[in-house]
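Survey of secondary and tertiary structure
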Amino acid sequence: MGDLKVVLIGLIVLFAIVDDSEAAISVKAFRRIIGINRNGPYLGLVVPNSFEMSPLLQSSLFVEDERFPQLDFEGRRFRIGRLGKEKVIVVMTGLSMLNAGVSTQLLLTLFKIKGVVHFGIAGNADPNLQIGDVTIPRRWTHTGLWYWQRFGDGPNDELALESSGDYTRIIGYLNVSDYTTMMKVENGVSFNSSNYLNSVWYQSEEIFPVEGTPEVRQHAFWVPVDSHYFALSEKLEGMRLEGCVNATTCLPRRPKVVRVGSGCSANVFVDNASYRQFLRSKFGVTPIDMETAAVALVCRQQGTPFIALRSLSDLAGGGSAQSNEANIYAPLAAQNAVDAVVHFVQLLSH
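Residues numbered from 1 in each chain as written. Predicted model: local features only at pLDDT ≥ 70, side-chain atom pairs only at ≥ 80, totals over all residues. Heavy atoms only, no water.

Looking up the protein in an unreviewed UniProt entry gives the name Nucleoside phosphorylase domain-containing protein, with the organism given as Acorus calamus.

Of all 6 residues that make up strand β1 (residues 42-47), 6 are buried, and the element is covered over most of its length. Neither face of β1 is left uncovered, since the one carrying Y42, G44 and V46 and the one carrying L43, L45 and V47 both have all their residues buried. Where β1 lies against strand β5 (residues 86-92), 5 bridges are found, and the strand directions are parallel. Within β5, the residue paired with L43 across the bridge is V88. (Buried < 20%, exposed > 50% of the residue type's maximum accessible area, 1.4 Å probe, protein only. Helix = DSSP H or I, 4+ residues; strand = E, 2+ residues; numbered from the N terminus. Pairing = 2+ DSSP bridges.)

This brings us to the packing of helix α4 (residues 97-110) against helix α7 (residues 292-302). Two measures define how a pair of helices packs: the angle their axes make with one another and the distance between the axes. With their axes 8 Å apart at the nearest point, α4 and α7 run at an angle of 35° to one another. The hand of the α4/α7 crossing is right-handed. Facing α4, whose interface residues are M97, A100, G101, T104, Q105 and L108, α7 presents A293, A294, V295, V298, C299 and Q302. For the contact of α4 with α7, a count of residues per class yields 8 nonpolar, 4 polar and no charged. (Axes fitted to C-alpha atoms, helices over the stretch in contact; angles between N-to-C directions. Left-handed = near helix turned anticlockwise from the far one by under 90°. Contact = heavy atoms within 4.5 Å. Nonpolar A, V, L, I, M, F, W, Y, C, P; charged D, E, K, R; others polar.)

Following G40, the chain continues into P41 via a peptide bond in cis, with omega recorded as 5°. With respect to the secondary-structure elements, P41 resides in the loop between α2 (27-38) and β1. Positive phi is not limited to glycine here, since E74 has a value of about 50°. Tracing the chain through its elements places E74 in the loop between β3 (70-73) and β4 (76-83). For E74, a relative accessible area of 52% corresponds to the exposed category. In this model, E215 sits at a positive phi of 70°, which is unusual for a non-glycine residue. With respect to the helices and strands, the residue E215 is situated in the loop between β13 (205-207) and β14 (218-220).

Here the focus is helix α8 (residues 325-349). Here α8 contains 25 residues, and its C-alpha end-to-end distance of 35 Å stays within 8% of the 36 Å for a straight helix at 1.5 Å per residue. When the local axis directions of α8 are compared, the greatest deviation, roughly 35°, occurs at P331. (Expected span 1.5 Å × (residues − 1). Bend = angle between axes of the 7 residues up to and from the residue.)

Where helix α3 (residues 50-57) contacts α8, the two axes come as close as 9 Å, and the packing angle between them is 45°. In terms of orientation, α3 and α8 fall into the oblique class. The handedness of the crossing between α3 and α8 comes out as right-handed. Of the residues in α8, those in contact with F51, E52, P55 and L56 of α3 are A330, A334, Q335, V338 and V342. Across the contact of α3 with α8, the residue classes break down as 7 nonpolar, 1 polar and 1 charged. (Parallel < 35°, antiparallel > 145°, perpendicular 65-115°, else oblique.)

Glancing now at the state of the cysteines. As enumerated under the stated definition, the model contains 1 disulfide in all. Note that C244 is cross-linked by a disulfide to C250, the S-S spacing being 1.9 Å. Between C244 and C250, the S-S torsion sits near 105°, and that sign places the bridge as right-handed. The class of C244 is partly exposed, set by a relative accessible area of 30%. Between C264, a cysteine without a disulfide, and C299, which holds the nearest cysteine sulfur, the sulfur-to-sulfur distance is 18 Å. (Disulfide = S-S within 2.5 Å.)

Quick look at the structure:
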């Protein structure tokens, strides 16, 4: 498949040479892509933001490729090099599901990628874990695809277009009135009054896997990580992680790597304890972020092995012993995520 990709790119370059002014991608860029792919396959390292990427680039184990250190394409910079013995291509996506999905798709379309490791920081939904802990979920979901139900309808009312398979009530819903602070009293009994915002029903993503039929949709709510990657990540448990921001600011205990059941993503920065608790009770998630599910969904559609490591920077919505958690501990969490990724990549190379 990788060799076929190189041939196809070469043919596109040949056509582009005929009239470079009409080409969507320059001949120079295509030639660089072909040159890069000749040295592949690579492990793709996908990271949301610069402060999460910097510790990796500053690592003594990361060495830029001498001939092709980077490729700038469609607003993204792909950094080519080695992390220890492993050939890697690093790409920073930027904030949000859209940026993460576009960057991952470009990575997998342009280059010979054998697997994807996504990493960064995340909010925490599990009060039993601590800031600085690195979580490795077995599966991910996008919790930002909703059907917002009209006022007056309830759980037993069919959703519009549900019968055609566009929407579903199988996954579950959040009823806004369950979180109303003002109570209604009738005959001495208190209960939550209704709310015009009613309920939002969580939906599966429509996906079109490469092994499927074009324009024939499939649905995916949970996207599992690669089973081999997940099994290998068990060896990270017990590794030493940083527990202090400076000489005077340290966490109550040294952070740890822990494999967990689930993580979720959406275009929402969750700084609300009630919603954190809902996500935890409803879906059993631990890390909450804004990108990983998009990376997971693209890899699922492309049939590319994938895993994500997210270091906890705060208890989403507050409530932990540390105040202003994200502001203080984000750099520490970012470093711990990178340390775990570096160790994981070394394990892949053995």
